[in-house]
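# Geometric and topological summary
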Amino acid sequence: RRFSTDRQNNNESYLPHGVHRQSDFFGEAITFVNAIDESLITSIDKSMQIPCSNQNTAAQHDIAKAVESFDGMALCIVSRGASNLHTGNDGDGPDAKAMHSSAMTWSELLRCASVWNDGNGQSTSPMLAVAAVAPLLAQGGKDYVHRIDKLLSATQSPTPGTPPSLWKIANHAASFRDAFVSGTNDDIATPLLTPRERFHLHALSMLIQNNHRCAMGAYLRLLELYPGDLLGLSLALDVAYSLGDGEAARAAATNVSTYWSERDGGTLRLHPAQSGQTLASSLVAVGLSSSSALSRAATAETLVEMAISRDPDGAGGTSVWALSNILGSEGRSSEMVSRLAGFDGTQLYQNCGFLNFHTRMAGYGGIALLDRRGAASERSALRLYDGFAYLLDYSGNNAQGINNGGEEVVLRDMRVPRSVVRDAVGSIFSGWFGNDDAKEKENDPSLQNQDTVQRKGQKPRTLEDTLCWLPPSPILLTQATSLLFRLTLVDGVSQSDHRWVDLKAAWKYSLEMENEANTQKPFEFMPMALLASSLLLDPETLHHEQFPLQLEIAMQGLNKMGKLLKLGQSQDRTSTTASEWNEVMRDLAQARDSCQRWEMPDGMESTTYSPTRSGDRNSKSNPKYPIGWDFDVRQFLEHGLCYAAVQVGDYESLCLARAICSEGTTLRQNCPELWWRYSVVLDMLGDEVAAENARAASVSLGSGEGGSTN
C-alpha cells in the first residue's frame, strides 16, 4: 500500500453528514464539504468569501471527478508539466503543445475547484483551490492572479453563470483554514480539515497577501510534519525561488530527503519504490543546488542522474533545473550547453509547459552558451532569447502590443493549438496523389476559410485558451532580462535593439497592473524581479516598503548602469565618463559584499578608511539579505561589476575586477568565459604573461570552438 504521511485518519465515521474524505494519488487525504448543516461549522473567516452568481447543483459536486482532476494537476505541478494526463495539439509547434497539455489539465481542475469553492454556502474542497491557484501566487503574486482573472472573465463559462475566478476560489478556500466542525457529540468540536490541509491553507492565505516569507515558514513546518507531501515541497521551492532564499530551499529539501530515500526500497533496496520517488529525488536536488556549496552540488548531481536514468519523461524538467544550478556552480559550461541547449538535453524539458517552465530553462541554456564562449555563441543564445520575445509578442506585452491595447485585446483572438491534421500534411503531396479532401476544400470557399474563421475569435475564448497563452510572469521577465543583459555586455545585441524596447515596455506594463488597494507593488515580494527591472525602470517606482540596504544599493547601481548604456532607448550610446562608471562600480561592489566593503574616500592616497554606509539601516541586523539564488544573482552583480570596473579602467578598479575573476576561476575553473574575462583584466593591468596564460586556459576549455546549435 502507499504510505500516507497525513496522521489524521481518513475514516469518515466520526465526521458529520456532508463531510467526506478521499485519498489522492500519493495517499494524502482531501476533504470535501457539501450540503452540511451550517450550524455545525464554526470559525470560518467569512470576510474572505466573495459570493458569485453561480448556482451549482448537487450533481455537479462529483467527488470522483474532482479527485481525478486534482491528481492530474498535482502531477503537472510537481513535474512542471512533464507528467501530464493530456497530450496537447502540435499545430503551433512543440512549445505551444507543451503549454496546451498543461492548460487542459489545469482547466479541468479549475472547473471542479470553481464548483466546490464558489463563495456560496458551506461547500468547499480547499486542496482543489490550492492546486489551482497556489503555484500562480507563488511565482507571480496576487497582482498576476488578478491579471489572469481579467482574461478569464472574458471566457465562456463551463456552467451557467460567471466564469471562474482564481481570486475568489483562493479566498473562499482560505476562509476554512481554521474551521471547526461538531460531530456526533455536540460538546466536542474538531478541525474540519486535516492538519496537512490547514498548513496548505495558511500558506495560501499568506500568498494571497503577497507575504511569501510567512508562507515559506508554513511550508517548512508542513514538510517537517508531512515529508511525503510532494505538492508542498514543489510549492516551497517555488516560494523560495521567488524570495531568492537558497537556504530556505535547502531546508525544504533536507526536511524530506531521508524520508524519500527510505521509500526508494530501503537501504538494501528490498522493497519496491513508492509512487513519486523519482520526482521527489529531482525536487530535492533542486533545493540542494540552490547555493554554490560544492558538497551540496555533488549530492544533488547524484540524485539528478538517478532521476533521469529512471524517469527522464516525468522528472526531466526539474532535473534540468537542478543541473543548471549544479553545473553553473562549478563552471561546467560545456556540459551545461549539452543539457540545456543541445537537442538531447532539450528533450528533457521540452514538454514542461506549465507556467512556461520550458522557456525559463531555454533561457538558462542561452546563458550557458555565453559561458561556453563557443563559435557563434551570441547568435545561438539570441535564438533562445527569442522564445521570451515570442511570449511577449503573442501576449501583447511588447511595445507594439501595448500600443494596440495590451494583453486583454491582443489575447482575445488566441486559441489553443490545432493538431496537424491529415489534409494539412497531405496538401504537400495533393498534386501528386490527388487527395480528394484537398480538392473538396479547394472547391468549397467555406472550407477554405474554416481555419481563418476559427482564429478570428467569433466564439468566446475557453478556459484552455486563457491558460494556454499566459502573459509573462515576473519570473519570466527576470530571466529574459538576465539573458539579454549578458548578450548586451558581449555586444551580442545593441543597447537600442527592439528587444530592449519590448522588455522595458513589458516591465512597465506589469507595474501598471497594480491593484488600487495594494500597499505593495506587483513584484515587490520578489527581490530578483526588483533587481532586474531596475535596469530599465526607476527603482523608486518599484516598491512602497523600505528594503534592506544591500538590495537598494544593487538596484541603484544597475539603474545607473542601464542609464549609461541607454538600454531600451532609440538613440545611440553617448560618451560616458570614468566617474559615472565609478559610481556604478561602487554600488555593485557594496551590494556584492553585503554592504561590508571598506572604501578609501580619496582613492589610493587616502589616509582614512571606513566601511561605507556601515551605520545605515539593516546593515547590522541583516547583513546577508537574500536577493536570489547564486546562479541568477551572478548574472547581474558579477558580470555588471566587472564590466563597470573595466569601463573605469584605473588601477583600483582593475584590481577589484581581478579579484572577482580570481574567485570565479578558483570556484568555477572549467568556464571558458571566466578565463577570457580574466585575461582582459590582466592585459589592462599590464601582466602580459599571465594574460596569455589565461587566454590559453580559455581556449583549452573550448573558447571559440564548436558550431552553432541552430
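Residues numbered from 1 in each chain as written. Predicted model: local features only at pLDDT ≥ 70, side-chain atom pairs only at ≥ 80, totals over all residues. Heavy atoms only, no water.

### A word on the overall build of the chain
The secondary structure content of the chain amounts to 32 helices and seven strands. Looking at the chain as a whole, 58% of its 710 residues are labelled buried. On the chain, roughly 27,900 Å² of surface is accessible, and the fraction owed to carbon and sulfur atoms is 50%. (Helix = DSSP H or I, 4+ residues; strand = E, 2+ residues; numbered from the N terminus. Buried < 20%, exposed > 50% of the residue type's maximum accessible area, 1.4 Å probe, protein only. Areas by Shrake-Rupley, 256 points an atom, 1.4 Å probe, with all protein chains shown as cover.)

### Description of the packing of helix 8 (residues 246–262) against helix 9 (residues 277–288)
Their axes nearest at 7 Å, the elements helix 8 and helix 9 cross at an angle of 150°. The handedness of the crossing between helix 8 and helix 9 is left-handed. Residues Gly 246, Ala 249, Arg 250, Ala 253, Thr 254, Val 256, Ser 257 and Trp 260 of helix 8 form the contact with helix 9, whose own contacting residues are Gln 277, Ala 280, Val 284, Gly 287 and Leu 288. Considered class by class, the residues forming the contact of helix 8 with helix 9 number seven nonpolar, five polar and one charged. (Axes fitted to C-alpha atoms, helices over the stretch in contact; angles between N-to-C directions. Left-handed = near helix turned anticlockwise from the far one by under 90°. Contact = heavy atoms within 4.5 Å. Nonpolar A, V, L, I, M, F, W, Y, C, P; charged D, E, K, R; others polar.)

### Points about the sheet that holds strand 5 (residues 189–191)
Pairing between the strands of a sheet comes from backbone hydrogen bonds, and it takes one of two forms, parallel or antiparallel. One open sheet holds the three strands; their spatial order is 3-4-5, and the pairing between them is antiparallel. Of all strands in the sheet, those bounded by a partner on one side alone are strand 3 (41–42) and strand 5. In this sheet, strand 5 lies alongside strand 4 (residues 180–182) in antiparallel orientation, the contact comprising three bridges. The residue bridging Ser 182 from the neighbouring strand is Ala 189, located in strand 5. (Pairing = 2+ DSSP bridges.)

### What about the packing of helix 14 (residues 357–372) against helix 15 (residues 377–394)?
Packed helices, taken two at a time, are described by their axes: the angle between them and the distance between them. Two elements in contact, helix 14 and helix 15, have axes separated by 8 Å at closest approach and are oriented at 165°. Relative to helix 15, the element helix 14 is oriented roughly antiparallel. Considering the relative orientation of helix 14 and helix 15, their crossing is left-handed. Judged by residue contacts, Thr 359, Arg 360, Ala 362, Gly 363, Gly 365, Gly 366, Leu 369 and Leu 370 of helix 14 engage Ser 377, Glu 378, Ser 380, Ala 381, Leu 384, Gly 387 and Phe 388 from helix 15. Each residue belonging to the contact of helix 14 with helix 15 can be placed in one class, and the counts come to six nonpolar, seven polar and two charged. (Parallel < 35°, antiparallel > 145°, perpendicular 65-115°, else oblique.)

### Examining helix 11 (residues 312–330)
The first and last C-alpha atoms of helix 11 sit only 23 Å apart over 19 residues, clearly below the 27 Å expected at 1.5 Å per residue. At Thr 318, helix 11 shows its largest bend, some 35°. Immediately beyond the C-terminal end of helix 11, within one or two residues, lies Gly 331, with a positive phi of roughly 70°. (Expected span 1.5 Å × (residues − 1). Bend = angle between axes of the 7 residues up to and from the residue.)

### A closer look at the packing of aromatic side chains
Here the structure, examined in full by the defined rule, presents 16 aromatic pairs. Taken together, a centroid distance of 5.5 Å and an interplanar angle of 85° make the contact between Tyr 259 and Trp 260 edge-to-face. Note on accessibility: Tyr 259 and Trp 260 belong to one class, buried. On the numbers, 5.4 Å between centres and 75° between planes, the contact of Tyr 364 with Phe 631 is edge-to-face. Highlighted residues: Tyr 364 in helix 14 and Phe 631 in helix 29 (residues 630–648), separated in sequence by 267 residues. Across the pair, Phe 631 and Tyr 364 agree in class, each one buried. Put simply, the rings of Tyr 241, Trp 321, Phe 357 and Trp 629 pair up and form one aromatic cluster. (Phe/Tyr/Trp six-rings, centres within 6.5 Å; stacked < 30°, edge-to-face > 60°.)

### Details of the environment of Leu 487
Its location among the elements puts Leu 487 in helix 24 (residues 474–489). A relative accessible area of 0% places Leu 487 in the buried class. Distance from Leu 487 to Ile 367, taken between C-alpha atoms, is 8.6 Å for residues 120 residues apart in sequence.

### What to know about the pairing of strand 2 (residues 29–33)
Look at any regular strand and the pattern is simple: side chains alternate between the two faces of the sheet. Of all five residues in strand 2, five are buried, a share of seventy percent or more. Here strand 2 shows two buried faces, one formed by Ala 29, Thr 31 and Val 33 and the other by Ile 30 and Phe 32. Of the pairings in the sheet, the one linking strand 1 (residues 19–23) to strand 2 comprises five bridges and is antiparallel in character. What sits directly across from Arg 21, in strand 2, is Thr 31. The turn linking strand 1 back onto strand 2 is made up of five residues, and Gly 27 within it adopts a positive phi angle of 85°.

### Structural notes on the confidence of the model for the chain
Per-residue confidence for the chain averages 84 on the pLDDT scale, and 81% of its residues sit at or above 70. For residues 421–442, every residue scores under 50 in pLDDT, and the model assigns this stretch 13 contacts once sequence neighbours within four places are set aside. Considering only residues more than four positions removed or in separate chains, one finds that residues 614–621, a stretch of pLDDT under 50, has twelve contacts. (pLDDT = per-residue confidence, 0-100.)

### Description of the environment of Phe 25
Its place among the elements puts Phe 25 in the loop between strand 1 and strand 2. Residue Phe 25 is classed as partly exposed on the basis of its relative accessible area of 28%. Through-space distance from the C-alpha of Phe 25 to that of Asp 71 is 5.7 Å; in sequence the pair is 46 residues apart.

### A word on the pattern of salt bridges
Two side chains that carry opposite charge are able to pair once their charged atoms sit near each other. Enumeration over the complete set of coordinates arrives at 26 salt bridges. For the salt bridge of Arg 499 with Asp 497, the shortest nitrogen-to-oxygen distance reads 3.1 Å. In terms of burial, Arg 499 and Asp 497 fall into one category: buried. By sharing partners, the salt bridges in this structure join Glu 301, Glu 330, Arg 332 and Glu 335 into a single network. (Salt bridge = Lys/Arg side-chain N within 4 Å of Asp/Glu carboxyl O.)

### Some words on the nonpolar core
Membership of the largest hydrophobic core comes to 206 residues, with the highest contact counts inside it found for Leu 503 and Met 561. Beyond its immediate stretch of four places on either side in the chain, Met 561 contacts Phe 485, Leu 489, Trp 581, Val 584, Leu 588, Gly 640 and Tyr 643. (Core = buried A, V, L, I, M, F, W, Y, C linked by side-chain atoms within 4.5 Å.)

### Things to note about helix 27 (residues 549–565)
Along its 17 residues, helix 27 runs 24 Å from first to last C-alpha, staying within 8% of the 24 Å computed at 1.5 Å per residue. Within helix 27, 13 of the 17 residues are buried, which leaves the element mostly enclosed by the surrounding structure.

### Brief notes about unusual backbone geometry
A positive phi angle is found at Leu 355, which is not glycine, with a value near 50°. Classification of Leu 355 by relative accessible area gives buried; the value is 9%. We note that Arg 373 has phi near 55°; this positive angle belongs to a residue other than glycine. Looking at the secondary structure, you find Arg 373 in the loop between helix 14 and helix 15.

### Some thoughts on the side chain of Asn 210
In this structure, Asn 210 sits in the loop between helix 5 (195–208) and helix 6 (212–225). Looking at Asn 210, the relative accessible area reads 4%, which means it is buried. Contacts of Asn 210, omitting those with residues within four sequence positions, involve Gly 141, Lys 142, Asp 143, Gln 520, Lys 521, Pro 522 and Phe 525.

### Regarding the environment of Ser 510
In this fold, Ser 510 is placed in helix 25 (residues 498–512). Considering only alpha carbons, one finds Ser 510 and Leu 477, 33 residues apart in sequence, at a separation of 9.6 Å.

### Examining the side chain of Glu 197
Note that Glu 197 resides in helix 5. In this structure Glu 197 is buried but unpaired, with Arg 21 as the nearest side chain of opposite charge at 4.4 Å. Sequence-distant contacts of Glu 197, that is, excluding residues within four places in its chain, are made with Arg 21, Ala 29, Ile 30, Thr 31 and Met 127. (Lys, Arg positive; Asp, Glu negative; His and termini not counted.)

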